[in-house]
Amino acid sequence: MSFILYTDSLFTSPYALSAFVALTEKGVPFTVQTVDLEAGHQKRGDYAGRALTARVPALVEGDFVLTESSAITEYLEESFPAPEYLALYPADRRQRARARQLQAWLRSDLLPVRVERDTETVFFGKASAPLSEAGRAAADKLIHVADQLVQGENLFGAWSIADVDLTMMLNRLIFNGDEVPQKLKDYAAAQWRRPSIQQWLARHQPG
Ligand SMILES: N[C@@H](CCC(=O)N[C@@H](CS)C(=O)NCC(=O)O)C(=O)O
């Protein structure tokens, strides 16, 4: 069955990015439909009536509708398991737990970075003011965690969806010229070149 992925119409949602990359990496057929968040269309009955949280992303498979990006990526991983399909999560149980730990943390902490470095600054180069004290403290916390985790090309040996989520968060700082160690800049730049991410970025091109 073909999937529908609902994303924001500007393609700036880091959570929709994660779900988009997961579907793309699994190589399963899907179409994208957009929701105009600025116009509040996520709250309209036709969307909110089906998508539990009235947020993007939402994955639709027939009459099954799922929101929350990490629930979506885990659902796809179970539905299309390795080795037939590319793994989104590490094979090792503890590494897999660590990948989920990172996903949960990136979605629940670092609010000042998410607010002061919103993803429009990453995707559209929107100008931003210097980080506040709270913003800098959150950035330092992110860098401290990332510095411990990044030891090579990927976080957990092979590529995983956690690499996408961490890269997105690091790029909030890097694309804004905030201070980030070169090791993390190199890691994020290499991750950003991944074809599935490039396919998402291509959605920003007119035509
Ligand atoms: N924890 C959710 C966050 C989803 C989320 O915050 N989506 C934003 C776009 S980035 C949204 O739909 N905002 C519109 C709203 O909340 O009304 C996930 O991981 O999917």
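Counting starts from 1 at the beginning of each chain's written sequence and moves along it residue by residue. It should be noted that, the model being predicted, local features are given only for residues of pLDDT at least 70 and side-chain atom pairs only at 80 or more, the latter also being counted only at that level, while totals for whole chains, interfaces and linings use all residues. Computation of side-chain values covers all heavy atoms of the structure but excludes hydrogens and water.

1. Examining the pairing of strand β2 (residues 30–35)
Only strands joined by at least two bridges in the DSSP assignment are considered to pair. Counting from the N terminus, the helices are the DSSP runs of H or I reaching at least four residues and the strands are the DSSP runs of E reaching at least two. As defined by bridge partners, strand β1 (residues 3–8) adjoins β2 across six bridges and the pair is classed as parallel. For Y6, the partnering residue across the bridge sits in β2 and is Q33. Assessed by its sense of winding, the connection that carries the chain from β1 through helix α1 (residues 14–26) to β2 is right-handed. The path from the first strand over the helix to the second decides the hand: if it runs clockwise while the strands point away from the viewer, the crossover is right-handed.

2. Digging into the packing of helix α4 (residues 93–108) against helix α7 (residues 133–149)
Lines fitted to the C-alpha atoms define the axes, with helices restricted to the stretch that makes contact. Angles between their N-to-C directions range from 0 to 180 degrees. Put simply, α4 and α7 touch, their axes get as near as 12 Å, and they point 170 degrees apart. As summarised for this structure, α4 and α7 are arranged roughly antiparallel, according to the angle between their axes. When the axes of α4 and α7 are compared, the crossing they make is left-handed. Across the interface between the two elements, L102, W105 and L106 of α4 pack against K141, L142, V145 and L149 of α7. For the contact of α4 with α7, a count of residues per class yields six nonpolar, no polar and one charged. Each angle gets one of four labels, with under 35 degrees taken as roughly parallel, over 145 as roughly antiparallel, 65 to 115 as roughly perpendicular, and the rest as oblique. If you view the pair so one helix is near and one far, a crossing is left-handed when the near helix is turned anticlockwise from the far one by less than a right angle, and right-handed when it is turned clockwise. Contacts were defined at the residue level, with two residues in contact if any of their heavy atoms lie within 4.5 Å. Put simply, Ala, Val, Leu, Ile, Met, Phe, Trp, Tyr, Cys and Pro go in the nonpolar bin, Asp, Glu, Lys and Arg in the charged bin, and everything else, Gly too, in the polar bin.

3. Re the sheet that holds β1
In space, the four strands of this open sheet follow the order β2-β1-β3-β4, with mixed pairing throughout. Looking at which strands have only one partner, the edges of the open sheet turn out to be β2 and β4 (64–67). Between one strand and the next, the sheet's axes are offset by a mean angle of 20 degrees, whatever the strand orientation. Taken together, the four bridges between strand β3 (residues 58–61) and β4 define a ladder with antiparallel strand orientation. The residue bridging E61 from the neighbouring strand is F64, located in β4. Along the sheet, α1 contacts β1, β2 and β3; its crossing angle with β1, the most-contacted strand, is approximately 150 degrees. With respect to the sheet, helix α3 (residues 69–79) is in contact with β1, β3 and β4, its orientation differing from that of β4 by roughly 130 degrees.

4. Overview of the nonpolar core
To define a nonpolar core, start from buried Ala, Val, Leu, Ile, Met, Phe, Trp, Tyr and Cys residues and group those joined through side-chain atoms within 4.5 Å. Buried, partly exposed and exposed residues are distinguished by accessible area as a fraction of the type maximum, computed with a 1.4 Å probe on protein chains only: under 20%, between the cut-offs, and over 50%, respectively. Core analysis: the largest hydrophobic core is formed by 53 residues, its most contacted members being L76, L142 and L166. Considering every element that reaches this core, the biggest residue donor is helix α8 (residues 161–174), with nine residues. Domains are outlined according to an automatic or database domain assignment. Looking at which domains feed residues into this core, each of domain 1 (3–86) and domain 2 (93–194) supplies at least three. L142 has contacts with W105, L106, L110, L166, M169, L170 and L173, leaving out every residue within four places of it along the chain. Y6, V35, A51 and V60 belong to the second-largest nonpolar core, a separate cluster that totals seven residues.

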